[in-house]
Amino acid sequence: MSLPFNLLFGLALLAAPPSDTERKMEQQGYVDIQSIDPSIKVSLMYSRPDNFTGKVLYTDLQHAYLHPDAAKALKKAQTRLRQLHPELSLIVFDAARPMSVQQKMWNVVKGTKKNIYVSNPANGGGLHNYGFAVDISICDANGDTIPMGTKVDFMGRAAHPEFETEMLRKKVITQQAILNRMLLRTVMEAGGFKVLRTEWWHFNLKTRAQIKAEKRKAIM
């Protein structure tokens, strides 16, 4: 019996040896999310050109890495989701991010109104650069994401959790999308994550103040 392509692709990624970037991350103590919980799906959006920059930014990064504490917290979130909906899974679109990539993202939005969506490397970057943030959604058994009102990486009010009631009233997003977002927040909160106010898909395990107090070094 032949296996589905998406399953074969996932198995190939798991079997592939770490790239230079991935080895550097491992040397810094970061862990592959799927080594902690293989059931969590991964589809890194910056390894493809269909992101807000229109370019491939991860040329040799195919696995999703996090700080071990964040990876364990994500496993808790996945466990909670499976308890509530055994047919669903978390799907990761971005995790630990090198500061060199952060700079490329910043270069796209600096000087524009979109700069609120990307952390400035000159100010220490964001939680992605320390392995404590994840861009994530929920998918079905086939890997297809459930409706969330916007795609991941959308830069606009419809992506802001704080504007969901307004967006529903204006019929920009649906009630089902809001319920799906609430489910995502519920399970991520079970792992200790907090949602970013401007992006329904972005969750942080720590705060900037904690990172600064702990004197953590960013991923270069």
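Keep in mind the model is a prediction, meaning the values are calculated, not measured.

Conventions used here
- By convention here, each chain's residues receive numbers from 1 onward along its written sequence.
- Whole-chain, interface and lining totals are the exception, using all residues; otherwise, since this is a predicted model, local features are given only for residues with pLDDT of at least 70 and side-chain atom pairs are given and counted only at 80 or more.
- Only hydrogens and water are set aside; all other atoms, that is, all heavy atoms of the structure, feed into the side-chain values.
- Think of it this way: any DSSP run of H or I at least four residues long counts as a helix, any run of E at least two long counts as a strand, and we number them from the N terminus.
- Our radius of gyration is a C-alpha quantity, and the globule rule it is checked against amounts to 2.2 Å times the number of residues to the power 0.38.
- For the exposure calls, accessible area comes from a 1.4 Å probe over protein chains only, and a residue counts as buried if that area is under 20% of its type's maximum, exposed if over 50%, partly exposed in between.
- When checking whether two residues touch, look at their non-hydrogen atoms; a contact exists if any pair is within 4.5 Å.
- For accessible areas, the Shrake-Rupley method is used with a probe of radius 1.4 Å. Any residue's cover is judged against the shown protein chains and nothing else.
- An expected span of 1.5 Å times one less than the residue number is assigned to each helix.
- Note that the arc is defined by the directions from the helix axis to the C-beta atoms.
- Residues are called lining when one of their atoms sits within 4 Å of a cavity or pocket point, these points coming from a 1 Å grid over the protein atoms alone, where a cavity is a set in which a 1.4 Å probe fits but cannot get out and a pocket is an open set with protein on both sides within 12 Å along at least five of seven lines.
- Grid points are joined across faces, edges and corners, and a volume is the space filled by probe spheres set on the points.
- Put simply, Ala, Val, Leu, Ile, Met, Phe, Trp, Tyr, Cys and Pro go in the nonpolar bin, Asp, Glu, Lys and Arg in the charged bin, and everything else, Gly too, in the polar bin.
- For two strands to pair, DSSP has to find at least two bridges joining them.
- Only the stretch in contact is used when a helix axis is fitted, and all axes are lines through C-alpha atoms; the angle between N-to-C directions ranges over 0 to 180 degrees.
- Aromatic pairs are defined between Phe, Tyr and Trp rings, using the six-membered ring for Trp, whenever the two ring centres lie within 6.5 Å; interplanar angles under 30 degrees are classed as stacked, those over 60 as edge-to-face, and all others as tilted.
- Here, a charge over a ring is recorded when the distance from Lys NZ or Arg CZ to the ring centre is within 6 Å and its angle to the ring normal is within 35 degrees.
- To sort the angles, those under 35 degrees are grouped as roughly parallel, those over 145 as roughly antiparallel, those from 65 to 115 as roughly perpendicular, and the leftovers as oblique.
- Here a crossing is taken to be left-handed if its near helix is turned anticlockwise relative to the far helix by less than a right angle, and right-handed if that turn runs clockwise.

A. Just the overall build of the chain, in detail. Within the chain one finds eight helices and seven strands. The C-alpha atoms of the chain give 17 Å as radius of gyration, which agrees with the globular expectation for 220 residues (17 Å, within 12%). For the chain, the spread of C-alpha atoms along the principal axes amounts to about 55 × 50 × 35 Å. The buried share among the 220 residues of the chain stands at 49%. Within the chain, contacts between residues separated by at least 24 positions form 73% of all contacts whose residues are at least 6 apart in sequence. Taken as a whole, the chain presents about 11300 Å² of accessible surface, with 56% of it coming from carbon and sulfur.

B. Just helix H4 (residues 68–84), in detail. Between its terminal C-alpha atoms H4 stretches 25 Å, which fits the 24 Å expected from 17 residues at 1.5 Å a residue. Burial in H4 covers these residues: Ala70, Ala71, Ala73, Leu74, Ala77, Gln78 and Leu81. One side of H4 holds all its buried residues, which, seen down the axis, span an arc of 160°. Turned more than 90 degrees away from the buried face of H4 sit Lys72, Lys76 and Gln83, all of them exposed.

C. A look at the layout of surface pockets. Estimated volume of the second largest pocket: approximately 520 Å³. Ser119, Leu196, His202, Asn204 and Arg208 are the residues nearest the centre of the second largest pocket, which is lined by 31 residues in total. Element by element, the count of residues in the lining of the second largest pocket is highest for strand E7 (residues 199–204), at four residues. In terms of residue class, the lining of the second largest pocket is made up of 13 nonpolar, ten polar and eight charged.

D. The arrangement of the sheet that holds strand E4 (residues 89–94) in detail. In space, the five strands of this open sheet follow the order E2-E4-E5-E7-E6, with mixed pairing throughout. Here the strands that pair on one side only, and so sit at the sheet edges, are strand E2 (41–42) and strand E6 (194–196). When E6 meets E7, the two strands line up antiparallel, connected through three bridges. By the bridge assignment, Leu196 is partnered in E7 with Glu199. This element, H4, spans E4 and strand E5 (133–139) of the sheet and lies at about 145° to E4.

E. Highlighting the packing of aromatic side chains. A full pass over the atoms with the stated rule returns three aromatic pairs. Relative to Tyr58, the ring of Tyr46 has its centre 5.9 Å away and its plane inclined at 80°; by these criteria the two rings are edge-to-face. Pair noted here: Tyr46 is in the loop between E2 and strand E3 (65–66) and Tyr58 is in the loop between E2 and E3, with a separation of twelve residues, a long-range link. As far as burial versus exposure is concerned, Tyr46 and Tyr58 are alike and both buried. The interplanar angle of 90° and the centroid separation of 5.3 Å between the aromatic rings of Trp200 and Trp201 together place this pair among those described as edge-to-face. One aromatic cluster is present, formed by Tyr46, Phe52 and Tyr58 through successive ring pairs. The ring of Phe163 is capped by Arg157, whose NZ or CZ atom sits 3.8 Å from the centre of that ring. The ring of Phe132 has Lys206 sitting right over it, with the charged end atom 5.3 Å from the ring centre.

F. A look at the packing of H4 against helix H7 (residues 175–190). Look at H4 against H7: their axes get within 7 Å of each other, and the N-to-C directions meet at 130°. For the element pair H4 / H7, the angle class is oblique. For the pair H4 and H7, the sense of crossing is right-handed. Where H4 approaches H7, its residues Leu74, Lys76, Ala77, Arg80, Leu81 and Leu84 are matched on the opposing element by Leu183, Val187, Met188 and Ala190. For the contact of H4 with H7, the residue count by class is eight nonpolar, no polar and two charged.

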